[in-house]
Each structure stands twice: as structure tokens, then as C-alpha cells.
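Overview (structure and organization)
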Amino acid sequence: MSVHSEDTFGGRTAELIRAGRLFFERGWVPATAGNFSARLDARHLAITVSGRHKGELGAEDFLVVDLDGQVRSEGKKPSAELPLHLQLYQRDEELGAVLHTHSIGATLLSRLHRGALVLEGYEVLKALRGIHTHEARVEVPIFPNDQDVGRLAAGVQEYMAEHAPMHGYLIAGHGLYTWGRSVTEACRHLEAFEFLFACEIEMRRLGR
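What you are looking at is a predicted structure, and each value in this text was computed from that prediction instead of being measured.

In contact at an axis separation of 10 Å, helix 1 (residues 6–25) and helix 5 (residues 183–205) are set at 15° when each is read in the N-to-C sense. Comparing the axis directions of helix 1 and helix 5 gives the class roughly parallel. With respect to the hand of their crossing, helix 1 and helix 5 are arranged in right-handed fashion. On helix 5, the residues that touch E15, L16, A19, L22 and F23 of helix 1 are V183, T184, C187, L190 and E191. When grouped by side-chain class, the residues that make up the contact of helix 1 with helix 5 number 7 nonpolar, 1 polar and 2 charged.

Here is the structure:
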């Protein structure tokens, strides 16, 4: 079993439960869409169980999985998108949490743009780790949706190996993946992206 403590599991899942309620209230995780995870120790993470409503999560709606993808919680099934979470944790040992949502803004922009969505000139860009000026240019890559999630994760890995560090990506017609060194930081990144997506949608509506 894992070396993580029950307190660690309880603490991380409590943070994700609060996040799920907030995201549902804001319309970012409709129905049972989305999935959340948080690192427990060097080799294990907690992730939402498949098919659970993110606005109604409880501690029983999470399972433990290791970085090789082996489920350590008997009788529970992880989201089919587990490989996308694992790819990020395997790549960065300092990563603390991954959040995936299905907001209207993220879904629409992922279909309106091809290749990448460029965000620049916004003060709120400074909410993203390492960005200190509104003059920053942030590219949010857009990957084609793929029901073969392992293949999709491999494509994300290949992209990240060849490009500068990023804070999130979109899957076309699907939603946003973002992350952080803690659940708090990942939530801040998610809120920043959703605000920026809303601005982009409104700019399009105004014909700008």
C-alpha cells in the first residue's frame, strides 16, 4: 500500500470536494463531467471515481492510484482520462494537483480555434504561475479529441517535450486541463483561465 497517511488523503480530497462544489455552481462541470486529482506522495495520487457528479462529491468518490496506473482502492474505477493525469504527474515531480473541467467557454473556444488559443494583454494573466506582466503572451494548445486516451496523453507528452512550459491545454469540443503545485494553485489557474475564456467569448460577441 502507499506511504501516504489517511490525513493526507482526507486533506487533499476535502480540498477537491470544495473545488467541485464551486466549479459546479459556476457551470464548469455539468452533469458528471470533469475529473480532479491531487498528489498524496511521490508515487500515489487521489483521483475522482468515474461517473461521479463533481458538485456532490464525498470522500468515498475518490480512489488511490499509483503513477503506473495501478488502482490501490478495491472496487473503484477511475476516470477513463486517468492517463492524462498520470502523464502530468510523471513529467513533473513537483506537480500537486490536476483539474479538468467542461465549461461553455472552454468548449466553444476549443472548437473556434485550431492549434492554439493565444491570450495576451490581460492583467489576469498574472494569476498564472511565473507570469508577472500583462504583456505576456500565453499560448493554450488545443489537441484534437480522441477516444483513445493513451494516444491523446502521448500526444500531449510529445508536445510538452518540444515547447516551453505551459499552464494548461484544451481538448477540442471537450474542455480544459490545468494544474498547479497545490490544489489551491491549480484552482487559481482554473479561475484565471475561465475568466480569460469569458473575455475572449465576449470580445467575439462584440466583433473585436
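Our next topic: the packing of aromatic side chains. Taken as a whole and judged by the stated rule, the model has 7 aromatic pairs. Ring centres 5.9 Å apart and planes at 50° place the aromatic pair Y169 and W179 in the tilted group. Note that Y169 is positioned in strand 7 (residues 168–171) and W179 in strand 8 (residues 175–180), a separation of 10 residues in sequence. Given the relative accessible area of 0%, Y169 is considered buried. We classify W179 as buried; its relative accessible area is 8%. Plain terms: the ring middles of F193 and F197 are 5.8 Å apart, the flat faces sit at 25° to each other, and that makes the pair stacked. Of this pair, F193 and F197 both sit in helix 5, separated by 4 residues, roughly a single helical turn. The same class applies to F193 as to F197, namely buried.

This paragraph deals with the sheet that holds strand 4 (residues 97–101). Pairing is mixed in the open sheet, where 8 strands are placed in the order 3-2-1-4-8-7-6-5. The outermost strands of the open sheet, each flanked by one partner alone, are strand 3 (62–66) and strand 5 (116–120). Pairwise comparison of adjacent strand axes, ignoring direction, gives a mean angle of 20° for this sheet. Bridge count between strand 2 (residues 44–48) and strand 3: 5 bridges; the pairing is antiparallel. Bridging from a neighbouring strand, H44 pairs with D66 of strand 3. Strands in contact with helix 1 are strand 1 (35–39), strand 2, strand 3 and strand 4; relative to strand 1, the strand with the most contacts, it is inclined by about 150°. The sheet strands contacting helix 2 (residues 82–91) are strand 1, strand 2, strand 3, strand 4, strand 7 and strand 8, and the helix crosses strand 1 at an angle near 30°.

Right, let's get into the environment of A38. By the element assignment, A38 lies in strand 1. Residues A38 and A97 lie 59 residues apart in sequence; the distance between their C-alpha atoms is 4.1 Å. Dropping the residues within four chain positions of it, A38 is found in contact with R12, L16, L45, A46, Y89, G96, A97 and V183.

With that settled, consider the packing of helix 2 against helix 4 (residues 149–162). Taken N-terminus to C-terminus, the directions of helix 2 and helix 4 make an angle of 30°; their axes are 8 Å apart at the nearest point. Taken together, the axes of helix 2 and helix 4 are roughly parallel relative to one another. The element helix 2 and its partner helix 4 pack so that their crossing is right-handed. Here P83, L84, Q87, L88 and R91 of helix 2 come into contact with helix 4, specifically with V149, G150, L152, A153, V156, Q157, M160 and A161. Tallied by class, the residues present in the contact of helix 2 with helix 4 amount to 9 nonpolar, 3 polar and 1 charged.

About the cut-offs
Residues numbered from 1 in each chain as written. Predicted model: local features only at pLDDT ≥ 70, side-chain atom pairs only at ≥ 80, totals over all residues. Heavy atoms only, no water. Axes fitted to C-alpha atoms, helices over the stretch in contact; angles between N-to-C directions. Helix = DSSP H or I, 4+ residues; strand = E, 2+ residues; numbered from the N terminus. Parallel < 35°, antiparallel > 145°, perpendicular 65-115°, else oblique. Left-handed = near helix turned anticlockwise from the far one by under 90°. Contact = heavy atoms within 4.5 Å. Nonpolar A, V, L, I, M, F, W, Y, C, P; charged D, E, K, R; others polar. Phe/Tyr/Trp six-rings, centres within 6.5 Å; stacked < 30°, edge-to-face > 60°. Buried < 20%, exposed > 50% of the residue type's maximum accessible area, 1.4 Å probe, protein only. Pairing = 2+ DSSP bridges.

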